[in-house]
Protein chains: 2
Amino acid sequence: MVIQGLRAPQTEDILPDKWYNILPDLPEPLPPPRNPDGSIVSPKELEAIFPRSLVEQEISTERWIEIPEELRTIYLELGRPTPLLRARRLEEALGTPAKIYFKYEGVLPTGSHKINTALAQAYYNKLEGTKRLTTETGAGQWGSALALAGAMFGLKVRVYMVRVSYEQKPYRRIVMQTYGAEVVPSPSPYTEAGRRILEQDPDNPGSLGIAISEAIEDALKNPDTKYSLGSVLNHVLLHQTIIGLEAKRQLEALGEYPDVVIGAVGGGSNYAGLAYPFIYDRLRGKSETRFIAVEPRAAPSMTRGEYRYDFGDTAGMTPLLKMHTIGHRFVPPPIHAGGLRYHGVAPTLSILVNNGIVEPVAYRQTEIFEAATFFARTEGIIPAPESAHAVKAAIDAALEAKKRNEKITILFNLSGHGLLDLKGYQDYLEGKLRDAEPEKIDLSYLPKLE
Amino acid sequence: MVIQGLRAPQTEDILPDKWYNILPDLPEPLPPPRNPDGSIVSPKELEAIFPRSLVEQEISTERWIEIPEELRTIYLELGRPTPLLRARRLEEALGTPAKIYFKYEGVLPTGSHKINTALAQAYYNKLEGTKRLTTETGAGQWGSALALAGAMFGLKVRVYMVRVSYEQKPYRRIVMQTYGAEVVPSPSPYTEAGRRILEQDPDNPGSLGIAISEAIEDALKNPDTKYSLGSVLNHVLLHQTIIGLEAKRQLEALGEYPDVVIGAVGGGSNYAGLAYPFIYDRLRGKSETRFIAVEPRAAPSMTRGEYRYDFGDTAGMTPLLKMHTIGHRFVPPPIHAGGLRYHGVAPTLSILVNNGIVEPVAYRQTEIFEAATFFARTEGIIPAPESAHAVKAAIDAALEAKKRNEKITILFNLSGHGLLDLKGYQDYLEGKLRDAEPEKIDLSYLPKLE
């Protein structure tokens, strides 16, 4: 007999018809976004760069938000529901009594969960007459997702890509171009922000902060253009809850419920995507599930940051958000998990951390790649360096369960594959990987807002 | 309402429990492998490099060969059954009345169908006490699959990788190493064949022919070592029929049966994998399905080759096989679809071509990449350059159906994704892609065997 329950069902009925919005369930109200002078940023101000329906989702207190049928159809076409798999070989290799399940988002066309919100954002923009989207991208994972979403909905997409990545990491750039997006190295001559920098320093390598500034300026100046963001904001996180809602139905089909839910955190979108639908149960007293959020020691916003108002970008162009932050001027060491090199974390996730519902942990990249390589050799999938943080924490939880002889059920989010991030594995295998973490965190320059 | 039937079921019961062996159903008997003197190669001789159970499968006349339960379990764990998807957006973009379905093997961990036979070969080798496998690889797709299969079954794997690829295309090499395989640039100092070449020319860039010679020599000289091949042979093709057997069940669940079945052909394994279970029906008079096999004009074995006895490798180390060939000394122009740069084609497929059951067509790589980019922008998946040949033929069949206003059902094999082959897309997008095809085919040097 073949072992049962290695794959949960992936039928159309697994796909949810509503997203889950955690806002009405948070243990305390979400502090509003503010301007540097302390005034609250109005929805109207946000509509300068986002379409109205996404601004409405951003502040909505509706618990369940319907997923439009056209969008559900495209989710199905592009590979949702994604697999929920049992890592039986990993369990055996660890000799743990724990069961380990993972939700695998890497089967989606751009190789990660990012497409879930990219499609939703493109859909609503299309509906409201937007013709063109701008965004920034570092290594290109988010840019690839938005490029594909633009192709699906007939929207033009311009991606401001950090120049050094544009030149040194051509692969995701080619992916974006194959999907028909315009990719420009940032700083670019297309914006004032870019021109100002290029005048002073024509060889400026760029930064995510500069790219955000350019993408926002472009959206502000062109009436048919809106800006699109890949994490942190509430509407982004709620689009990602499709991951956890699917996982819940899939585990249910296997007769399972997780005792521990694990994910990696950069801005928080893949973590929220998997965890929030399960946190929903815990907030109602219906489960005692533990929630572990994993960040790199190189950018330890949850484990070493403060809960403060800070800008979302390096340049200080965005509204101020109250969140765990190590400061927007902080430049994280160049770890391979580029998607986790972020100074802040989603405001909703920050509140859950403050209230002891989500437990943050931080790991070094050498131990991350060791875990990821072990996972590849047992389960066959090479994890994205970001997702590898979740793999490491899942292995630790399984070993802890072994020590205590507890038959717990672990669920983690394998949010993407690492086929376009192989340099990190090469460095690990050749013994060239180095760890780094900030000595001290300086937040003295942040505005004093409560 | 969400549109129904965009995804066929992927439940465990879709996975077959037997492979289909076409040998007993061929319209004429398969000519035996021969030595250069014309003598027939005995099973005993094949057992020097392959385990007995695979040699038995190679010559078996059993129609259905049981898939061992342990192997079925690993297929499930690594992502089988793979998705069968309807390309509705592509249909709409083409304005065709045809329905287009594709089987997508790219969700498997190494990104293509190759793992299907790699796992089976590793399984039988393990069972018979083999401790170590050798193989050759060009760009690395087959080597990656065998590396992972070795990791799954605790076998050491040494991959002889063509030196120029080893140095210039590090990505798949890192994949193999991440899975724990030993990858050596070929020509290597580990074999007589390699040393002989290195003595004359220390900078020899290598070739697939040299790498095969080294891998076979290594297996012959080490008693615990066997050799593993990724296409052409009957046991390899029959392992791949899992693709078509799944597709049949999945289409049945949607109430469909294909009028046209399309796939790309290098050695023939992904094509046979999808098509043979449907050819089974046609050979019984139960369908009139058309079968289209697509090759590159740069290596036109089926469309311009002759049906002759020829070696499987450039160096002439393998037995002679009767097949469509453009000659083992032919060096195809350097197209991006490296997996289709092969001078021959599987002997069983050759017989089906001879009997008019399979219709071969050949395309230029510029039109291949044009079709693949169109597919990426409509369906979201960037095809491997090899698989893109099937995409092009499916589009042509759909346009033909449009012209005749025929509501036919098209099925093709999207055997892999192109995320590790982005250079071809870059060249296409930048207008740098060039076509090339042989002016004439010279087979005068082939042995005269009937």
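In the annotation of an unreviewed UniProt entry, the entry for chain A reads Tryptophan synthase beta chain, and the organism field reads Pyrodictium delaneyi. The heading Sequence similarities (unreviewed entry) in the UniProt record of chain A holds the text "Belongs to the TrpB family." Note on chain A: under the UniProt heading Subunit (unreviewed entry), the record states "Tetramer of two alpha and two beta chains."

K.L.:
Could you give me a rundown of the domain arrangement of chain A, with the residues and numbers involved?
P.N.:
All names here are of chain A. Assigned domains within chain A: domain 1 (81-111 + 235-429) and domain 2 (115-229). Between domain 1 and domain 2, the C-alpha centre-to-centre distance is 26 Å. In total, domain 1 and domain 2 occlude about 1500 Å² of area from one another, counting both sides; carbon and sulfur atoms represent 62% of this. Among the residues of domain 1 in contact with domain 2, Thr110, His239 and Leu420 are the three that bury the most area, contributing 37% of the side total. The tally of links from domain 1 across to domain 2 stands at one salt bridge. Arg172 is paired through a salt bridge with Asp421; the nearest N and O atoms lie 3.3 Å apart. Counting every contact that joins domain 1 to domain 2 gives four residue pairs in polar contact (both at pLDDT 80 or more). Put simply, the parts of the chain that give the side of domain 1 that touches domain 2 at least two residues each are α11 (234-240) and α12 (242-253). Take the side of domain 1 that touches domain 2: its biggest share by element is four residues, from α11.

K.L.:
Explain the packing of aromatic side chains to me, and be specific about the residues and the numbers.
P.N.:
On inspection of all chains with the given rule, the structure shows 27 aromatic pairs over all chains. Measuring from centroid to centroid gives 6.4 Å for Trp19 of chain B and Tyr124 of chain B, while their planes differ by 50°, and the two rings are tilted. Pair noted here: Trp19 of chain B is in strand β1 (residues 18-20) and Tyr124 of chain B is in helix α5 (residues 115-127), with a separation of 105 residues, a long-range link. Aromatic pair Tyr20 of chain B and Trp64 of chain B: ring centres 5.2 Å apart, planes at 45°, arrangement tilted. Taken together, the residues span a long stretch of sequence, with Tyr20 of chain B in strand β1 and Trp64 of chain B in strand β2 (residues 64-66) at a distance of 44 residues. Grouped by ring-pair contacts, the aromatic residues Trp19, Tyr123, Tyr124 and Phe153 of chain A constitute a single cluster. The ring of Tyr190 of chain A has Arg158 of chain A sitting right over it, with the charged end atom 4.2 Å from the ring centre. The lysine or arginine in question, Arg173 of chain A, covers the ring of Tyr166 of chain A, its NZ or CZ lying 4.4 Å from the ring centre.

K.L.:
Outline the sheet that holds strand β8 (residues 225-227) of chain A, supporting the account with residue identities and numerical values.
P.N.:
All names here are of chain A. Ordered in space as β7-β6-β5-β8, the four strands form an open sheet in which the pairing is parallel. The sheet terminates laterally at β7 (182-186) and β8, the two strands that pair on one side only. On average, each strand axis in the sheet is tilted by 25° relative to the strand beside it, whichever way the strands run. One ladder, built from three bridges, connects strand β5 (residues 132-137) with β8; its direction is parallel. Bridge pairing links Leu133 to Lys226 in β8.

K.L.:
An account of the interface of chain A and chain B is requested, with residue identities and associated values reported.
P.N.:
In this complex, chain A contributes 51 residues to the contact, which on the side of chain B involves 50 residues. Of the roughly 4700 Å² buried between chain A and chain B on both sides combined, carbon and sulfur atoms contribute 59%. If you sort the residues of chain A by the area they bury against chain B, Arg7, Glu77 and Thr178 of chain A come out on top, with a joint share of 15%. Counting across the chain A and chain B interface gives two salt bridges.

K.L.:
I'd like to hear about the confidence of the model for chain A, residue by residue, with values.
P.N.:
A low pLDDT score tells you not to read the predicted coordinates there in detail. Here chain A shows a mean pLDDT of 95. Residues at 70 or above account for 99%. Across the interface, the model reports ipTM at 0.94; the global pTM reads 0.95.

K.L.:
Requested: an account of the environment of Pro333 of chain A, with residues and values cited.
P.N.:
Residue and element names in this part refer to chain A. Tracing the sequence through the fold places Pro333 in the loop between β12 (320-325) and α15 (347-354). A relative accessible area of 18% means that Pro333 is categorised as buried. In this structure, the C-alpha to C-alpha distance between Pro333 and Ala436, residues 103 residues apart in sequence, is 6.4 Å. When sequence neighbours within four positions are dropped, the list of residues in contact with Pro333 reads Ala298, Arg341 and Ala436.

K.L.:
Kindly report on the pattern of salt bridges, identifying the contributing residues and their values.
P.N.:
Under the criterion given, the structure shown has 55 salt bridges over all chains. For Lys99 of chain B, the salt bridge identified is with Glu256 of chain B, shortest N-O distance 2.6 Å. Separated by 157 residues along the polypeptide, Lys99 of chain B in strand β4 (residues 99-104) and Glu256 of chain B in the loop between α12 (242-253) and β9 (260-264) bring together distant segments of the chain. For Lys99 of chain B, a relative accessible area of 29% gives the class partly exposed. Using a relative accessible area of 13% as the deciding quantity, one classes Glu256 of chain B as buried. Salt bridges here are not isolated pairs; linked through shared partners, they connect Arg80, Lys103, Glu105 and Glu246 of chain A.

K.L.:
How would you sum up the side chain of Arg172 of chain A? Please name residues and give values.
P.N.:
Relative to the elements of secondary structure, Arg172 of chain A occurs in helix α8 (residues 170-178). Ignoring sequence-local partners within four residues, the contact set of Arg172 of chain A consists of Ala139, Gly140, Gln141, Ser144, Leu420 and Asp421 of chain A.

The rules behind the values
Within any chain, residue numbers begin from 1 and follow the written order of that chain's sequence. Chain letters and ligand numbers both follow the written order, the letters beginning at A and the numbers at 1. Given that the model is predicted, a residue must reach a pLDDT of at least 70 before its local features are reported, and side-chain atom pairs must reach 80 or more before they are shown or counted; all residues, however, enter totals for whole chains, interfaces and linings. With hydrogens and water excluded, all non-hydrogen atoms of the structure serve as input to the side-chain values. UniProt positions are given in the numbering used here, feature names are shortened, and annotations may be inferred rather than shown by experiment. Domain delimitation in this document rests on an assignment produced automatically or drawn from a domain database. Here the buried area means the combined drop in accessible surface, using a 1.4 Å probe, for two parts upon being joined, counting both sides. Salt bridges are defined by distance alone: a side-chain nitrogen of Lys or Arg within 4 Å of a carboxyl oxygen of Asp or Glu. Two N or O atoms count as a polar contact when they lie within 3.5 Å, although within protein this holds only if one can serve as hydrogen donor and the other as acceptor, and sequence-adjacent residues are included solely when both atoms are side-chain atoms. To qualify as a helix, a DSSP run of H or I must reach at least 4 residues; to qualify as a strand, a run of E must reach at least 2; elements of each kind are numbered from the N terminus. Note on aromatic pairs: the rings of Phe, Tyr and Trp (six-membered ring only in Trp) are paired at centre separations within 6.5 Å, and the planes decide the class, stacked below 30 degrees, edge-to-face beyond 60, tilted for the rest. As a reminder, the over-ring test applies to NZ of lysine and CZ of arginine, requiring each to be within 6 Å of the ring centre and within 35 degrees of the ring normal. In this analysis, strands are considered paired if DSSP registers two or more bridges between them. Axis lines are fitted to C-alpha atoms, over the contacting stretch for helices. Their N-to-C directions set the angle, which ranges from 0 to 180 degrees. Should any heavy atoms of two residues lie within 4.5 Å, those residues are considered in contact. In predicted models, pLDDT denotes the confidence assigned by the predictor to each residue on a 0 to 100 scale. The classification of residues rests on relative accessible area computed with a 1.4 Å probe and restricted to protein chains. Under 20% of the type maximum is buried, over 50% is exposed, and intermediate values are partly exposed.

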